[in-house]
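# Structural features, examined
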Amino acid sequence: MAAGEPISIQVRDVHKEFRRFEALHGITLDFDPGLMHGIIGPEGSGKTTLLRILLGLMRPAQGRILYFEGGRPASFDVLRPHIAYMPQAQSLYPDLSIEEHLAFFRDLYGIQPRAYAEKRAELLSVSRLAPFVDRPAGQLSGGMYKKLGLMCALLRSPRVIVLDEPTTGVDPISRRELWELLYRLLDQGILVLVTTAYLDEAERCSKVHLIESGSVIASGEPRALLDDQKARSFDELFLRRAAGSASE
Amino acid sequence: MIDPTLRGFIKKEFIQALRDRRMRFILLMMPLVQMTIFGVAISTEVKNIRLAAFFNAKDNVLRDVYERAIMGGWFIPAKAAGRIAQHPFELIRANKADAVLVAPPKGFTHELGRKTAPLQLLIDATNVVQAESVEAYLKAILADTVASDLKVAASPPPPIRFDVRVLFNPSLDTATFMVPGVMVMIMVITTFLLVVMGVVREKEQGTFEMLIAAPVSRTELIFGKTLPYVVIGMADLPLMLPVSVLAFHVPLRGSFLYLFFATLVFVSTIVAAGLLTSTFCANQQQASMGSFLFMFPAIMFAGIIFPIENMPPSVQVFAAIDPLSHYLILLRDIMLKGSTIGLLDRHVLALVGIAAFSITASFARFRTTLR
């Protein structure tokens, strides 16, 4: 169980520009705790930019991000230690082993030895990476590599975890394992925020937010959203939109 | 008790720097190998100058000059045969001789009896440094020989008599002068490159994004990325010092404590400069380019190869802001003169100033947000 009260995040009219190119125009979204939020959209739609703004890694050109702890407004700086992030690009040290990664992040987060021992054992058993603790990250398979990234993020028992395309470049079996790992987090009341370009994964989320060219085009529970848009799958929905914008 | 975040960083940097076998070799063996090779090779001394002399059999003084030159050890006889051997100019053009002495038609000895004695000296000046040395050597030998051969009672004694005493390096051994310079160069190359590459690698791997998203302060990040390299840079000292003292007989007249202190200040300054450079570089290519842009002028203006005193005053400014020049002076002072230095030594203060500037600028430039 993640200690502390649940955290929720509200995005209000966020804009971001990169040298005349507008990456986000007026995003407004609510992320409630205990849910798995999927930010779905094609490549270049602004998913990563939105995450980076949420995490304080970038400043929005306009708009605000509001953070709440147990329903009361809280500052990002106070909540920051409880928000974990797993970037999309390879973000581990290829020359450090799984064990060395865990030890480095233990020191980085200042985790006490006993808490660390428990957490380490739990994460290694859930991820099934225990036999590979001495293997350098550079020699792990795509799925194992992502799992290690997730373990490093989970080591400090965050209340919010933000994952940028965790399943990209991962084989189908490892993809399923990763999703199972994420579901376990929901039981602990954690807010999970995940982006994906795999549209079939959208249906695994409790709530999806469809983003296209820097704008939210739809938001809601996956089934209801599809019914609403009269589409059988998210693939079909995006293909239809792509065809529509091409014919305009 | 050291901050756990910082401790984690230091541990991680050591694992990464020392894990790779090639990296260990570069860090530990290269200083030794380079010290030995450079210490032997880099020398401003000119030796094995090929000398030829044209004079007739009765020209005793010039023969003495030639023989003294060869006996002195700096010169060797030029070897040539056939037509080339007959023409002083051809000898030099065909690269058979570096210097040629040509006696006047009636002989140098004969002319000495008159008011002024002409003597032609041809020197190959394609290498200016060598040419200047050759001229100086030969003039000295000439003056000596003439004085002793003629017992010049006729000419009045020169008004000034120099009593030259060469201090601290009485044999004018170039190793004594060059080895500290080589130490400085090796230290700056390994330390500077390691720091710049260490920071830039994080940016390139994307690990930097993760670090700044983690609850790590900018101070922890900066010191975590730099302190390990100060330690690694300091390891060069016990590696290189024995080589310079035992193999090159460079004296260590001052206290090791002073040497250690000066080196610590210098290595910290280099690490700070490396950190500042890394803030301008996004990838390894830019990092190598940036390192080169720093190190090349830093070595040039250090006074290792070219004396700072010979530079125009406007350029001496660069030497003043070059950490290498200050450390080189400290190193030579401590090792050769046995000087004691204080915390407030001019060169120590200069190094501290450069380090403080680099650290401050790095803090200002070190982004904890992405663009």
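Note that the coordinates shown come from a computational prediction; the quantities given were computed from them, not determined experimentally. (Residues numbered from 1 in each chain as written. Chains lettered and ligands numbered in written order. Predicted model: local features only at pLDDT ≥ 70, side-chain atom pairs only at ≥ 80, totals over all residues. Heavy atoms only, no water.)

### As for the overall build of chain B
A count of helical and extended segments in chain B gives 15 helices and four strands. Its C-alpha atoms give chain B a radius of gyration of 28 Å, clearly above 21 Å, the size a compact globule of 371 residues would have. A principal-axis box enclosing the C-alpha atoms of chain B has dimensions of 90 × 45 × 40 Å. Relative to its 371 residues, chain B shows a buried fraction of 44%. Summarising the internal contacts of chain B: among those between residues at least 6 apart in sequence, 76% fall at separations of at least 24. Carbon together with sulfur atoms contributes 66% to the accessible area of chain B, which is approximately 19300 Å² in total. (Helix = DSSP H or I, 4+ residues; strand = E, 2+ residues; numbered from the N terminus. Rg over C-alpha atoms; globule rule 2.2 N^0.38 Å. Buried < 20%, exposed > 50% of the residue type's maximum accessible area, 1.4 Å probe, protein only. Contact = heavy atoms within 4.5 Å. Areas by Shrake-Rupley, 256 points an atom, 1.4 Å probe, with all protein chains shown as cover.)

### Let's talk about helix 12 (residues 284-300) of chain B
Residues and elements named next belong to chain B. With 17 residues, helix 12 ought to run about 24 Å at 1.5 Å a step, and its terminal C-alpha atoms sit 24 Å apart, in line with that. Taken residue by residue, helix 12 has Ala 287, Gly 290, Ser 291, Met 295, Ala 298 and Ile 299 as its buried positions. Along the axis of helix 12, the buried residues cluster in a sector spanning 145 degrees; they form a single face. Exposed positions of helix 12 whose direction lies more than 90 degrees from the buried face are Gln 285, Met 289 and Leu 293. Elements in contact with the buried residues of helix 12: helix 7 (174-205), helix 11 (256-278) and helix 14 (323-337). (Expected span 1.5 Å × (residues − 1). Arc of directions from axis to C-beta.)

### Regarding the packing of aromatic side chains
Residue and element names in this part refer to chain A. This model, assessed by the stated rule, comprises 14 aromatic pairs over all chains. Arranged with centres 6.4 Å apart and planes meeting at 40 degrees, the rings of Trp 179 and Tyr 183 form a pair that is tilted. Here Trp 179 and its partner Tyr 183 are both found in helix 6 (residues 172-186), four residues apart, which amounts to about one turn of the helix. Relative accessible area serves as the criterion here: at 1%, Trp 179 is assigned to the buried category. We classify Tyr 183 as partly exposed; its relative accessible area is 32%. (Phe/Tyr/Trp six-rings, centres within 6.5 Å; stacked < 30°, edge-to-face > 60°.)

### Observations concerning the pairing of strand 3 (residues 99-102) of chain B
All names here are of chain B. Of the two faces of strand 3, the one holding Ala 99 and Leu 101 and the one holding Val 100 and Val 102 are both buried throughout. Bridge analysis of strand 1 (residues 49-54) against strand 3 gives four bridges, and the strand direction is parallel. By the bridge assignment for strand 3, Ala 52 is matched with Val 100. Pairing of strand 3 with strand 4 (residues 120-123) involves four bridges; the strand directions are antiparallel. Each bridged residue has a counterpart across the sheet, and for Val 100 the counterpart in strand 4 is Leu 122. (Pairing = 2+ DSSP bridges.)

### Describing the sheet that holds strand 3 of chain B
All names here are of chain B. Here four strands make up an open sheet; going across it, the order is 2-1-3-4 and the pairing mixed. Of all the strands in the sheet, just strand 2 (75-77) and strand 4 have a single pairing partner and so form its edges. Taking each pair of neighbouring strands and ignoring which way they run, the sheet shows an average axis angle of 30 degrees. Where strand 1 lies against strand 2, three bridges are found, and the strand directions are parallel. Among the inter-strand pairings, Arg 50 is bridged to a residue of strand 2, identified as Ile 76. (Axes fitted to C-alpha atoms, helices over the stretch in contact; angles between N-to-C directions.)

### Side note on the domain arrangement of chain B
Annotation of chain B at the domain level lists domain 1 (49-167) and domain 2 (174-366). Computed over C-alpha atoms, the centres of domain 1 of chain B and domain 2 of chain B are 46 Å apart. (Domains from an automatic or database assignment.)

### Thoughts on the interface of chain B and chain A
The interface of chain B with chain A comprises 25 residues on the first partner and 26 residues on the second. Carbon and sulfur atoms supply 58% of the area buried between chain B and chain A, which totals about 2400 Å² over both sides. Of all residues in chain B, Glu209(B), Met210(B) and Pro215(B) bury the most surface against chain A, accounting for 23% of the area lost on that side. Counting across the chain B and chain A interface gives three salt bridges. Joining chain B to chain A, the criterion identifies seven residue pairs in polar contact (both at pLDDT 80 or more). Mapped onto the side of chain B that touches chain A, the elements with two or more residues apiece are helix 1 (4-19), helix 7 and helix 8 (207-213) of chain B. Top element by residues in the side of chain B that touches chain A is helix 1 of chain B. It accounts for ten residues. Residue composition of the side of chain B that touches chain A, by class: eleven nonpolar, seven polar and seven charged. (Buried area = accessible area lost by both parts, 1.4 Å probe. Salt bridge = Lys/Arg side-chain N within 4 Å of Asp/Glu carboxyl O. Polar contact = N/O pair within 3.5 Å; in protein donor to acceptor, adjacent residues only side chain to side chain. Nonpolar A, V, L, I, M, F, W, Y, C, P; charged D, E, K, R; others polar.)

### Focus: the pattern of salt bridges
All chains considered together, the criterion is met by 26 salt bridges over all chains. Here Arg106(A) ties to Asp107(A) by a salt bridge, and the two come within 3.1 Å at their closest N and O atoms. An identical accessibility class is assigned to Arg106(A) and Asp107(A); each is buried. Across the salt bridge formed by Glu177(A) and Lys147(A), the nearest N and O atoms sit 2.5 Å from each other. With Glu177(A) in helix 6 and Lys147(A) in helix 5 (residues 142-154), this residue pair connects regions lying 30 residues apart in the sequence. Owing to a relative accessible area of 19%, Glu177(A) belongs among the buried residues under this scheme. Taken together, the salt bridges that share partners define one network made up of Arg106(A), Asp107(A), Arg7(B) and Lys11(B).

### Here's the deal with the sheet that holds strand 7 (residues 160-164) of chain A
Residues and elements named next belong to chain A. A sheet is described by the order of its strands in space; here six strands give the open sequence 6-7-8-3-9-10, paired in mixed fashion. Whereas interior strands pair on both sides, the edge strands pair on one side only; in this sheet they are strand 6 (83-86) and strand 10 (215-220). Neighbouring strand axes in the sheet, compared pairwise and without regard to direction, differ in orientation by 15 degrees on average. Pairing between strand 3 (residues 36-40) and strand 9 (residues 207-212): four bridges, direction parallel. Bridged to Ile 39 within strand 9 is His 209.

### Some thoughts on the packing of helix 3 (residues 98-109) of chain A against helix 1 of chain B
Viewed as axis vectors pointing N to C, helix 3 of chain A and helix 1 of chain B meet at an angle of 150 degrees, and their least axial separation amounts to 7 Å. In terms of orientation, helix 3 of chain A lies roughly antiparallel with respect to helix 1 of chain B. Taking contact as the criterion, the partners of Glu100(A), Phe104(A), Arg106(A), Asp107(A) and Leu108(A) in helix 3 of chain A are, on helix 1 of chain B, Pro4(B), Thr5(B), Arg7(B), Gly8(B), Phe9(B), Lys11(B), Lys12(B), Ile15(B) and Arg19(B). Residues belonging to the contact of helix 3 of chain A with helix 1 of chain B are distributed by class as follows: five nonpolar, two polar and seven charged. (Parallel < 35°, antiparallel > 145°, perpendicular 65-115°, else oblique.)

### Looking at a nonpolar patch on the surface
Residue and element names in this part refer to chain B. There is a patch of nonpolar side chains on the surface, built from Phe 25, Ile 26, Leu 28, Met 29, Val 33, Ile 37 and Phe 38 and spanning about 580 Å² of accessible area. Take Leu 28: it is sitting in helix 2 (residues 21-41). For Leu 28, a relative accessible area of 41% gives the class partly exposed. (Patch = residues over 30% accessible without salt bridge, like charges linked within 9 Å, V, L, I, M, F, W, Y side chains within 5 Å.)

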